[in-house]
Amino acid sequence: MRLAILGCGTVGSEVVRLLHEQSADLAARIGAPLEIAGIAVRRLGRDRGDLPVAPELFTTDALGLVKSDDVDVVIEVVGGIEPARSWLVDALRAGKSVVTANKALLAEDGAALHDAAADGGADLYYEAAVAGAIPLLRPLRESLHGDRINRVTGIVNGTTNFILSAMDATGAGFAEALEEATELGYAEADPTADVEGFDAAAKAAILASLAFHTRVGAADVYREGITEVTAADVASAKAMGCTIKLLCIAARGTDATGRDSVSVRVHPAMIPLSHPLASVGDAYNAVFVEAQAAGPLMFYGRGAGGAATASAVLGDVVAVCRNRLAGVRAPSESAYAELAVRPMGEALTRYHVSLDVADRPGVLAAVAGVFARHDVSIATVRQAPAGTEPAGRGVDAILVIVTHTAPDAALAATVEDLRGLEAVRSIASVLRVEGDG
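Now for a description of the structure that goes with this document. Every value quoted in this text rests on a predicted model; they were computed, and no experiment measured them.

## Examining the packing of aromatic side chains
Enumeration over the complete set of coordinates arrives at two aromatic pairs. Seen in terms of ring centroids, Phe162 and Tyr186 are 4.6 Å apart; in terms of plane orientation they differ by 35°. Their pairing is tilted. Placement of the pair is Phe162 in helix α8 (residues 158-170) and Tyr186 in the loop between α9 (174-183) and α10 (192-195), with a sequence separation of 24 residues. With relative accessibility at 7%, the residue Phe162 sits in the buried group. Taking the relative accessible area as the measure of exposure, Tyr186 reaches 33% and is therefore partly exposed. In this arrangement the basic side chain of Arg141 is found over the ring face of Tyr126, its NZ or CZ atom lying 5.5 Å from the centre.

Put into structure tokens, the structure is as follows:
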């Protein structure tokens, strides 16, 4: 089986190494040897160390390599939308199997890839696109195909999980934890895609599409990053017996008209320490799946890194090569449900609201009245001195309120009205609370 590899960076080079080191085992598992037909790179002169591949296999003509009649499987680890989309669409329409780790492309325009795969009768596999080495997408696509999945909650970005774990362990602020993550190589020089939630949102779209048999794109996912999470938020979470994680949440439910629908969102949230995801630290990933018949399932492991991602890529390569030799293809995209995606305002969640208020009689009643007007029930209230007495405005106190479950729109409107109360000096923070507790 002849392979075209698009990209030879961190992941691509590990794919090449594993193909070389495990060549005999892979051939035995597939039933035929694997050969590299070519490797497309941006620059030919770059030093690639001791990579075990002949120099003449490198090329800058990725499209020519994809169109070659001498290629059976295309492995794409370049990333980005274009030109990767054009390369993969051409390969699939020509009947060539595709293995990709490109989460951004799948979330942005996975429909184009699935349609091209259907047109060409080809396989499209992308286990490495969401959680690195963790076997997750194939269980959703195959093992749980006879069940009904109700909810998927995950930590799917290692950088943000490392930052939040460091803040929880040391009491550091966001900037200090990000600096440590950068020094250790967990964060890119430009960490925007991670800390602002774009990476997790792309993965959430892929997970929701598979879990709910509905095409969900990146534009359908509500997104918030972790840049506004403070050391005070982390301390407040600890006081509640919680920790803060950047979660991707995809949940089945009904919309305002009573129709079946899905909610897909990414944002930081407090979760109780009893939740299965609370103990996931460092740069690890984990996904918690709640299925109707199978019940709760937990998938955990390394979600990034060259070797971990290459492991998932080669698992897909074995699968598509076996299919080609047997003259069959994997089950096609399952998007029959065509469920509507609910707007964030209809998502059911809870809020943790920290208010800087005047410490005088009647303030709590006024604040509670705002919640009541929006039909939001208060679960707990905690008050503590603010520690300062600003000149000319009297003594302040910190009022921490945790709500019961309510539509996000009602909760957001409540917070907005609180800003207008004379007794509320400022809203220190607002975080969602997920899970029991």
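## A few points about the nonpolar core
Ranked by size, the top nonpolar core spans 82 residues in total, and within it Leu6, Val74, Leu136, Ile149, Ile163 and Leu207 carry the most contacts. If we skip the residues at most four places from it in the chain, Ile163 touches Phe174, Ala177, Leu178, Ala181, Val195 and Ile226. Counting residues in each nonpolar core, the second largest holds 36 residues, with Leu19, Ala32, Ala310 and Ala312 among its members.

## Concerning the pairing of strand β18 (residues 424-433)
As judged from the two bridges shared by strand β10 (residues 260-272) and β18, these two strands associate in the parallel manner. The residue of β18 that forms the bridge with Met270 is Val433. Of the pairings in the sheet, the one linking strand β14 (residues 348-358) to β18 comprises eight bridges and is antiparallel in character. For Leu355, the partnering residue across the bridge sits in β18 and is Ile427.

## So, the sheet that holds strand β3 (residues 58-59)
Reading across from one edge, β3-β2-β1-β4-β5-β6 is the order of the six strands in this open sheet, with parallel pairing throughout. Looking at strand neighbours, the two that pair on one side only are β3 and β6 (124-125), the edges of this open sheet. As paired strands, strand β1 (residues 2-6) and strand β2 (residues 35-40) are joined by five bridges and run parallel to one another. Considered in β2, the bridge of Arg2 is made with Glu35. Running over the sheet, helix α1 (residues 10-21) touches β1, β2 and β4 (73-76) and is turned about 155° from β1. Here helix α13 (residues 306-326) sits on the sheet and contacts β1, β4, β5 (97-100) and β6; the angle it forms with β5, its principal contact strand, is near 170°.

## Structural notes on the packing of helix α5 (residues 103-120) against helix α11 (residues 198-212)
Direction vectors running N to C along α5 and α11 enclose 55°, while the axes themselves pass 8 Å from each other. Taken together, the axes of α5 and α11 are oblique relative to one another. α5 and α11 meet at a crossing whose hand is left-handed. In contact with Lys103, Ala104, Leu106 and Ala107 of α5, α11 contributes Asp199, Ala202, Lys203, Ala205 and Ile206.

## Observations concerning the pattern of salt bridges
Within this structure, the stated rule accounts for 19 salt bridges. We note a salt bridge from Asp70 to Arg2, for which the minimum N-O separation is 2.5 Å. Here Asp70 is found in the loop between α3 (62-67) and β4, whereas its partner Arg2 is found in strand β1, with 68 residues between them in sequence. Accessibility expressed as a relative area gives 22% for Arg2, which makes it partly exposed. For Arg432, the salt bridge identified is with Asp408, shortest N-O distance 2.9 Å. Taken as a pair, Arg432 in strand β18 and Asp408 in helix α15 (residues 408-418) lie far apart in primary sequence, 24 residues in all. Accessibility classification places Arg432 together with Asp408 in one group, the buried group.

## A closer look at the side chain of His275
Within the fold, His275 resides in the loop between β10 and β11 (284-291). Overall, His275 belongs to the buried group, its relative accessible area being 16%. When neighbours within four sequence positions are excluded, His275 is seen to be in contact with Phe288 and Gly435.

What counts, and at which threshold
Residues numbered from 1 in each chain as written. Predicted model: local features only at pLDDT ≥ 70, side-chain atom pairs only at ≥ 80, totals over all residues. Heavy atoms only, no water. Phe/Tyr/Trp six-rings, centres within 6.5 Å; stacked < 30°, edge-to-face > 60°. Helix = DSSP H or I, 4+ residues; strand = E, 2+ residues; numbered from the N terminus. Buried < 20%, exposed > 50% of the residue type's maximum accessible area, 1.4 Å probe, protein only. Lys NZ or Arg CZ within 6 Å of the ring centre and 35° of its normal. Core = buried A, V, L, I, M, F, W, Y, C linked by side-chain atoms within 4.5 Å. Contact = heavy atoms within 4.5 Å. Pairing = 2+ DSSP bridges. Axes fitted to C-alpha atoms, helices over the stretch in contact; angles between N-to-C directions. Parallel < 35°, antiparallel > 145°, perpendicular 65-115°, else oblique. Left-handed = near helix turned anticlockwise from the far one by under 90°. Salt bridge = Lys/Arg side-chain N within 4 Å of Asp/Glu carboxyl O.

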